[in-house]
Amino acid sequence: MEVTCLLLLALIPFHCRGQGVYAPAQAQIVHAGQACVVKEDNISERVYTIREGDTLMLQCLVTGHPRPQVRWTKTAGSASDKFQETSVFNETLRIERIARTQGGRYYCKAENGVGVPAIKSIRVDVQYLDEPVLTVHQTVSDVRGNFYQEKTVFLRCTVNSNPPARFIWKRGSDTLSHSQDNGVDIYEPLYTQGETKVLKLKNLRPQDYASYTCQVSVRNVCGIPDKAITFRLTNTTGGDPLPQLQWSHGPGPLPLGALAQSGTLSIPSVQARDSGYYNCTATNNVGNPAKKTVNLLVRSMKNATFQITPDVIKESENIQLGQDLKLSCHVDAVPQEKVTYQWFKNGKPARMSKRLLVTRNDPELPAVTSSLELIDLHFSDYGTYLCVASFPGAPVPDLSVEVNISSETVPPTISVPKGRAVVTVREGSPAELQCEVRGKPRPPVLWSRVDKEAALLPSGLPLEETPDGKLRLEHVSRDMSGTYRCQTARYNGFNVRPREAQVQLNVQFPPEVEPSSQDVRQALGRPVLLRCSLLRGSPQRIASAVWRFKGQLLPPPPAVPVAAEAPDHSELRLDAVTRDSSGSYECSISNDVGSATCLFQVSATSCPRTTPMCCSGPRGSPMLWTPCSTTDSVSASHTRAWAGAVVEGVAIWASGNTLYLQLNQHNAMVKAIPVRRVEKGQLLEYILTDLRVPHSYEVRLTPYTTFGAGDMASRIIHYTEPINSPNLSDNTCHFEDEKICGYTQDLTDNFDWTRQNALTQNPKRSPNTGPPTDISGTPEGYYMFIETSRPRELGDRARLVSPLYNASAKFYCVSFFYHMYGKHIGSLNLLVRSRNKGALDTHAWSLSGNKGNVWQQAHVPINPSGPFQIIFEGVRGSGYLGDIAIDDVTLKKGECPRKQMDPNKVVVMPGSGAPRQPHPQLWGPMVIFLLALQR
């Protein structure tokens, strides 16, 4: 008996019971729920059919000694539907109210440690029939009159079902068939989502206005009854159902205060800006919306202006007898081209003659401008001229402008009043800029800014017109300072070279100083110089500077020599820092407008201090450096982990730094890190080796200078395994989940990879290309593929990019299945994108051409030098018969197997519920970064 026990112990990794016969596990699956039918499919697999919403109950009957343990898993369906290991004697799998996404292949695995585990499977097919959806579409062209008077109407009936549904169209109680008459067509559209049948009614006739029913059926599979939806096609005026009306305005929104009610749009106090096209759109979710448009034209006139043009030929700027003269009149109107002008002289209509001409649309003037030209000006031509603009037959008031031509008419002049060339005000106060203009008639004044960097006036406009020559500004700010230009306007005056002048505006504001606050640390007995600098202010000079220590007034600093320039700072020198002289110093600087304060906190110390810093991202990303808490979790990313310290204060390194490292709170190591004199912003690093996962470390940093030890910084680091690090356990992506294992589409390629299965693929797709199913052979299983039909062209590329993996091993193996079937197959490439020093893509594997209608497997060895991603690149060949697919991508540490798998063998990948191998201990270096901020 003892010999038998020893023999069994040597063969079986379980305890010897001393009695009984050991037997391997056996299993059989039986159903005990609401099954519709259990049948055998064409590959001798049992198929269990059930209606959606019923209860699924499967029993795994097992035999063997010891009693086998049972575990249920599932593939070829939703990747989230996984079942954990049950208790030893619970072999029943029960799913209440099963959903369509829970269909697929279910595995029962029984094992007791004797022989190989027993695995049985059964495929569950969930049957369902949704309510059909009926939509109505009509031809866009030749739409006249009432809603259904166009030529053709399409009734589109769509439904989702399993198995595929059968469609029956009825008009009233009569069943319609394809080509029943010349006015009826029934067909299946080429590109649809779900199952669709279209009833086309051509050249609508009176008998076509009737009730239409779309009836869908799965032939009572699983007792699922037929379903139907009915629509009534009418020629009722207005639509059926009654449509909703909506008004819109182009090109802008509806006018403010516009009220739409029962198809009527009311606009109160209509303005010229309300002109435009108004659209009334009627929708009732049947067919195309009905739309009517009306153009609203609001007539208006404003801004009557004139100009006097002396003889241009003789380059004159004065009105002289014997020369030519032109008077121009213009109004801003809508519509501009409908405006008419009339000229009067001394109250009577001006009569045309050889010396008096009236013209329209002078090319040198704005559009629709009327000009009265006087040739060879006589004394009798002096007088008052009146220009009247009007809309004939429209209730718009006329606009007129009057011009007096006499020997007293003089060109304009402009100047700045004495003492107003420079205006100085305080920020927030009002200001008035003034220019005086003379001339008869006196023109208005245009204001603008001279400064190129401030082209707009405070009003937001480039030009502003003032009739009295005064530009008024409220609540001026410092950015309003600068030079302003005033010039005569061209209209309402002489059409001569503009006269102009300039006014300088100075806005005074309180000073701004730096530093606003500063922490100053200095060795005992060493001098300190405190400087408070004036950054900006108006006036840009220091009127007074007052220093205080702990609130007490200090004697003023030494005065600046008279010959020197006005200083832009104030300094206070402490010859030797002591404990008594440590504390708060304030410097208040004023410039006659206001004051600002610099605050210094001076403290005596023997050494600079360190502040712990953390970095949680890839090395070389300074944006990720942040002040850290006392404990941090650091991933074993990129074969390195790191801690950091910001060194503040004096950066004079003499004897170096001391590093105190404590492992698991009991193993300690003290290490001196010698460094040379460092510059501001220089990054120092120190590598710590032999770190283990998942241990914790306490890191202490103490800076040393010639004055001794400074403040110590401490932190605790938890060194952990990264989540997305490849390990020796199964790491296979079956693409069953919509998230596709974190893979993403490359944004720089020409098109994308597509996730689909046999149920979602286009039934009209090109023959003799692409896989019929995924590698599992079930219609529910998903895979990734590239569609090479139009608009794809030769050489177009689609790239599928994996998540970023941390390189914690020297070698990796990428295994995947590929399907390359079709006479126009291009290429499938596997690239490795290394992110150790920037992104660099290298080719690791490539295959081109037709490889047959089979799934084949490839094993590709890679040895990334740092963090990496793998990229599947599909390249379109010379034609549309070039679809390429991939499935079951695995990434593992170590070398690839030397013996390749049979490429024609369909391999069922194990379920994701398989027990994972324990993580091996990771050893890696840690890098300590030191960053000097100041000197």
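Above this text you will find the structure in question.
Residues numbered from 1 in each chain as written. Predicted model: local features only at pLDDT ≥ 70, side-chain atom pairs only at ≥ 80, totals over all residues. Heavy atoms only, no water.

**A closer look at the overall build of the chain**
Part 1: In terms of regular secondary structure, the chain is built from one helix and 69 strands.
Part 2: When burial is assessed residue by residue, the chain has 44% of its 935 residues classed as buried.
Part 3: Contacts spanning at least 24 positions in sequence make up 70% of the contacts within the chain whose residues lie at least 6 apart. (Helix = DSSP H or I, 4+ residues; strand = E, 2+ residues; numbered from the N terminus. Buried < 20%, exposed > 50% of the residue type's maximum accessible area, 1.4 Å probe, protein only. Contact = heavy atoms within 4.5 Å.)

**Examining the pattern of salt bridges**
Part 1: Evaluated as defined, the whole model comprises 31 salt bridges.
Part 2: Glu780 is the salt-bridge partner of Arg123, the closest N and O atoms lying 3.9 Å from each other. Taken together, the residues Arg123 in strand β8 (residues 118–129) and Glu780 in the loop between β60 (754–756) and β61 (783–786) connect sequence positions 657 residues apart. Of the two residues examined, Arg123 and Glu780, each falls in the buried class.
Part 3: When the shortest N-O distance is used, the salt bridge between Asp746 and Arg799 registers 4.0 Å. Placement of the pair is Asp746 in the loop between β59 (744–745) and β60 and Arg799 in strand β62 (residues 797–801), with a sequence separation of 53 residues.
Part 4: Residues joined in a network through salt bridges with shared partners are Asp746, Arg797, Arg799, Arg833, Asp841 and Glu873. (Salt bridge = Lys/Arg side-chain N within 4 Å of Asp/Glu carboxyl O.)

**Concerning a nonpolar patch on the surface**
Part 1: Among the surface-exposed residues, Met352, Leu357 and Val358 lie close enough to one another that they form a single nonpolar patch of about 240 Å² accessible area.
Part 2: By the element assignment, Met352 lies in the loop between β26 (348–349) and β27 (356–360).
Part 3: For Met352, a relative accessible area of 52% puts it in the exposed group. (Patch = residues over 30% accessible without salt bridge, like charges linked within 9 Å, V, L, I, M, F, W, Y side chains within 5 Å. Areas by Shrake-Rupley, 256 points an atom, 1.4 Å probe, with all protein chains shown as cover.)

**What about unusual backbone geometry?**
Part 1: The peptide bond linking His65 to Pro66 adopts the cis configuration, its omega dihedral lying at 0°.
Part 2: Here Pro66 lies in the loop between β4 (56–65) and β5 (69–75).
Part 3: Cis rather than trans, the peptide bond between Lys440 and Pro441 has omega equal to 0°.
Part 4: When you line up the elements, Pro441 lands in the loop between β34 (436–440) and β35 (445–449).

**Structural notes on the sheet that holds strand β6 (residues 92–95)**
Part 1: The antiparallel open sheet is built from three strands, whose spatial order is β1-β4-β6. The sheet is open, and its two edges are formed by β1 (23–31) and β6, each paired on a single side. The average undirected angle you get between the axes of adjacent strands in this sheet is 15°. (Pairing = 2+ DSSP bridges. Axes fitted to C-alpha atoms, helices over the stretch in contact; angles between N-to-C directions.)

**Topic: the sheet that holds strand β13 (residues 174–176)**
Part 1: If you walk across this open sheet you meet the four strands as β13-β12-β16-β17, and the pairing is antiparallel. Bordering the open sheet on either side are β13 and β17 (227–232), each of which pairs with just one other strand. The mean angle between the axes of side-by-side strands here comes to 30°, regardless of whether they run parallel or antiparallel.
Part 2: Inspection of the sheet shows strand β12 (residues 166–171) paired to β13 by three bridges, in the antiparallel sense. When the sheet's bridge partners are listed, Lys170 is paired in β13 with Thr175.

**Describing the packing of aromatic side chains**
The way to describe two aromatic rings as a pair is by their centre distance and the angle between their planes.
Part 1: Within the structure shown, the criterion is met by twelve aromatic pairs.
Part 2: Measuring from centroid to centroid gives 5.6 Å for Tyr805 and Phe868, while their planes differ by 40°, and the two rings are tilted. Within this pair, whereas Tyr805 is found in the loop between β62 and β63 (812–820), its partner Phe868 is found in strand β67 (residues 868–875), the two being separated by 63 residues in sequence. An identical accessibility class is assigned to Tyr805 and Phe868; each is buried.
Part 3: Here Phe816 and Trp845 contribute two aromatic rings whose centre-to-centre distance is 5.2 Å and whose plane-to-plane angle is 85°, an arrangement assigned as edge-to-face. Linking Phe816 in strand β63 with Trp845 in strand β65 (residues 840–848), this pair joins segments that are 29 residues apart in sequence. Of the two residues, Phe816 and Trp845, neither departs from the other in class, the shared state being buried.
Part 4: Members of the aromatic cluster, each reached through a chain of ring pairs, are Phe816, Tyr818, Trp845 and Phe872.
Part 5: Cation over ring: Arg100 sits above Tyr128, and NZ or CZ is 3.7 Å from the ring centre.
Part 6: The ring of Tyr782 has Arg755 sitting right over it, with the charged end atom 3.6 Å from the ring centre. (Phe/Tyr/Trp six-rings, centres within 6.5 Å; stacked < 30°, edge-to-face > 60°. Lys NZ or Arg CZ within 6 Å of the ring centre and 35° of its normal.)

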